[in-house]
Amino acid sequence: MNDAYFMSKANSLALKGRFTTKPGVMVGCVIVKNKKIIGQGFYEKYGGSHAEINAINNVKKKYKKSFLSKLSGSEIYVTLEPCSKKGKTGACVNELKKYDFKRIVIGADDPTQNGTKYLEKAGHKVKNLDNQQCLDLNEAFFHKANYKKPFIRAKVAMSSDHKSVFTSKQRKWITGIPARNDVQILRALSDIILTGAGTINEDKPSMNVRTKKIISKEHFTQPDRFVFSNNLDLNWTSPFFKLPGKKVVVTSKKTLPKLTKEIKDISIMNLKKDKNSSPEKNFIKEISKLNINNVLIEAGPKLLGSFGDQDLIDEYIFYVSKEKLGDEALYFYGGNKKINFFDNKQFYIVEESRIGKDKKIVLRKK
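Residues numbered from 1 in each chain as written. Predicted model: local features only at pLDDT ≥ 70, side-chain atom pairs only at ≥ 80, totals over all residues. Heavy atoms only, no water.

What should I look at first to understand the overall build of the chain in this one?
Along the chain, the regular secondary structure elements total 13 helices and 16 strands. Relative to a compact globule of 366 residues, whose C-alpha radius of gyration would be 21 Å, the chain shows 23 Å and is just as compact. Over its C-alpha atoms, taken along the principal directions, the chain stretches across nearly 70 × 45 × 40 Å. Here the chain, with 366 residues, has 51% of them falling under the buried criterion. Surface accessibility of the chain: about 18,900 Å² in total, with carbon and sulfur atoms responsible for 49%. Measuring between centres, the 69 positive side-chain charges of the chain sit 5 Å from its 38 negative side-chain charges. (Helix = DSSP H or I, 4+ residues; strand = E, 2+ residues; numbered from the N terminus. Rg over C-alpha atoms; globule rule 2.2 N^0.38 Å. Buried < 20%, exposed > 50% of the residue type's maximum accessible area, 1.4 Å probe, protein only. Areas by Shrake-Rupley, 256 points an atom, 1.4 Å probe, with all protein chains shown as cover. Lys, Arg positive; Asp, Glu negative; His and termini not counted. Charge placed at Lys NZ, Arg CZ, Asp CG, Glu CD.)

Honestly, the sheet that holds strand β8 (residues 192-196) in this entry has me stumped. Any pointers?
Strand pairing in a sheet relies on backbone hydrogen bonds, with the paired strands running either antiparallel or parallel. Here we have nine strands laid out as an open sheet, ordered β11-β10-β9-β8-β12-β6-β13-β16-β15, and mixed in their pairing. The open sheet is flanked by β11 (266-270) and β15 (347-355), the only strands paired with a single partner. Between one strand and the next, the sheet's axes are offset by a mean angle of 20°, whatever the strand orientation. Alignment of β8 against strand β9 (residues 224-228), held across five bridges, turns out to be parallel. In the strand pairing of β9, Ile192 is matched with Asp224. Each of β6 (151-158), β8, β9, β10 (247-251), β11 and β12 (294-297) is contacted by helix α12 (residues 279-287), which is oriented at about 155° to β9, the strand it contacts most. (Pairing = 2+ DSSP bridges. Axes fitted to C-alpha atoms, helices over the stretch in contact; angles between N-to-C directions. Contact = heavy atoms within 4.5 Å.)

Whenever I open this one, the sheet that holds strand β4 (residues 103-106) confuses me. Can you help?
Here five strands make up an open sheet; going across it, the order is β2-β1-β3-β4-β5 and the pairing mixed. The open sheet terminates on both sides in strands that have one partner only, identified here as β2 (36-42) and β5 (126-128). Put simply, the sheet's adjacent strands are angled 15° from each other on average, direction ignored. In the sheet, β4 pairs with β5 via three bridges, with the strands oriented parallel. In the sheet register, Ile106 faces β5, and the bridge partner there is Asn128. The strands touched by helix α1 (residues 3-14) are β1 (28-33), β2, β3 (75-78), β4 and β5; relative to β1, the strand with the most contacts, the crossing angle is about 140°. Docked against the sheet, helix α2 (residues 51-63) engages β1, β2 and β3, running at close to 130° with respect to β2.

Would you explain the environment of Lys85 in this entry?
Relative to the helices and strands, Lys85 is located in the loop between β3 and α4 (92-96). Classification of Lys85 by relative accessible area gives partly exposed; the value is 45%. Residues Lys85 and Asp358 lie 273 residues apart in sequence; the distance between their C-alpha atoms is 46 Å. The contacts of Lys85, once residues within four sequence positions are left out, are Ala91, Thr112 and Gln113. A polar atom in the side chain of Lys85 sits 2.7 Å from the backbone oxygen of Thr112. (Polar contact = N/O pair within 3.5 Å; in protein donor to acceptor, adjacent residues only side chain to side chain.)

Quick question: what am I supposed to make of the pattern of salt bridges here?
Any two side chains of opposite charge can pair, so long as their charged atoms come close to each other. Following the criterion strictly, the structure yields 18 salt bridges and no others. Across the salt bridge formed by Lys149 and Asp314, the nearest N and O atoms sit 3.5 Å from each other. Taken together, the residues Lys149 in the loop between α7 (139-147) and β6 and Asp314 in the loop between α13 (301-309) and β13 (315-320) connect sequence positions 165 residues apart. Residue classification places Lys149 among the partly exposed residues on the basis of a relative accessible area of 23%. Between Asp314 and Lys365 there is a salt bridge, and its shortest N-O distance comes to 3.6 Å. Residue Asp314 is found in the loop between α13 and β13, and its partner Lys365 is found in strand β16 (residues 358-365); the two are separated by 51 residues along the sequence. What makes Lys365 partly exposed here is its relative accessible area of 24%. Among the charged side chains, a network of salt bridges with common partners joins Asp3, Glu75, Arg103 and Lys127. (Salt bridge = Lys/Arg side-chain N within 4 Å of Asp/Glu carboxyl O.)

Hey, could you run me through the pairing of β6 in this one?
Regular strands show a simple pattern: their side chains alternate between the two faces of the sheet. With eight of eight residues buried, β6 is to be regarded as a mostly interior element. Of the two faces of β6, the one lined by Phe151, Arg153, Lys155 and Ala157 and the one lined by Ile152, Ala154, Val156 and Met158 are each fully buried. Sheet topology note: the β6/β12 ladder contains four bridges and is parallel. Bridging from a neighbouring strand, Arg153 pairs with Leu296 of β12.

Would you mind showing me how to read the packing of aromatic side chains here?
Two aromatic rings, taken as a pair, are described by how far apart their centres are and by the angle between their planes. All told, the structure shown has 21 aromatic pairs when counted by the stated rule. Look at Phe283 and Phe307: their rings are 6.3 Å apart centre to centre, the planes differ by 85°, and that puts the pair in the edge-to-face class. With Phe283 in helix α12 and Phe307 in helix α13, this pair connects stretches of sequence that are 24 residues apart. With a relative accessible area of 1%, Phe283 lands in the buried category. Each ring, one from Tyr333 and one from Phe341, has its centre 5.4 Å from the other, and the planes form 70°; the classification is edge-to-face. Residue Tyr333 is classed as buried on the basis of its relative accessible area of 6%. One Lys or Arg, Arg180, reaches over the ring of Trp173 and ends 4.1 Å from the middle of that ring. Its guanidinium or amino end placed over the ring of Phe240, Arg225 lies 5.5 Å from that ring's centre, counting from NZ or CZ. (Phe/Tyr/Trp six-rings, centres within 6.5 Å; stacked < 30°, edge-to-face > 60°. Lys NZ or Arg CZ within 6 Å of the ring centre and 35° of its normal.)

Even after reading the chapter, I still don't get α1, so can you show me in this structure?
Side chains of residues three or four places apart in an α-helix project in the same direction, reflecting 3.6 residues per turn. For α1, which comprises 12 residues, the first-to-last C-alpha distance of 16 Å matches the rise-based estimate of 16 Å (1.5 Å per residue) to within 8%. Taking the backbone nitrogen of Ala4 as reference, a side-chain oxygen 3.3 Å away marks Asn2 as the first, capping residue of α1. (Expected span 1.5 Å × (residues − 1).)

Right, dumping it as structure tokens:
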């Protein structure tokens, strides 16, 4: 049992907060003495105690009056560099400094903190594993920290001939139930879901998470739902507006029309007309100011194309049916640029798998 083994245990703990820590990060922690785990914890909810504090409290609870001797000479493994700044809780480095740890082992640096610097200054021995699993845990967070903008994903369900929108209303689904269930996970991991007026008006979607196993979790919160609509020509009776949760209409208008009492928790994001920039770029600029790391676009060809043409999408997640639709449906991408998503010049494959009868292909921008 080595550093990689114990960090893997901490990583598994972090995943327990997969659906409950947004817009925060997933973090896990184990405390080890004589090659045995004596305490563990994870970041359970946004604004709650951090993983290190929960692990230390776990030791206190188990060993009560002897917890100080147990912690003395132990090694603490945490997937993300301990925080050095006071946020919703106190800085974790201040708590760690109280104990005589033999080593503090971190899985990944936090570019927004200086925890390692402060711990080393206090005399602690700190080792950074630069562990890929730990980096993958919070890739959207790291993207926001490094590039100052959220990570933008686009989900596309399409046929094998790359069609996504039926010309007739007689059919709704292109892919099977397993693929649609996988999309529920994407939604649950997202801070916001973005769609367009066309999707709202034609499909009347809910755009929320409905998987019982996820929504029944304590501390789970639905992603905020955003809709692009320049002229506010929207079907206000859509479940998108009537369901609980925060809704935001992105528009150049300054006010919303008078709405029924059924529609609650709704606001407007006013994008001023700018000759030097597009509404899509201005939207990214505005949400980059907010505590948002992970954006999921679920939209029709027009909105998808407008974001794609301007190179604003970091990752495409395709769910591909075996079926060919031909003239029954429209091409999934409605932008002006001709982009060959599958030629590996602009994108590389992150994942290629089978979900039920459909194929899932994840492409990321190079």
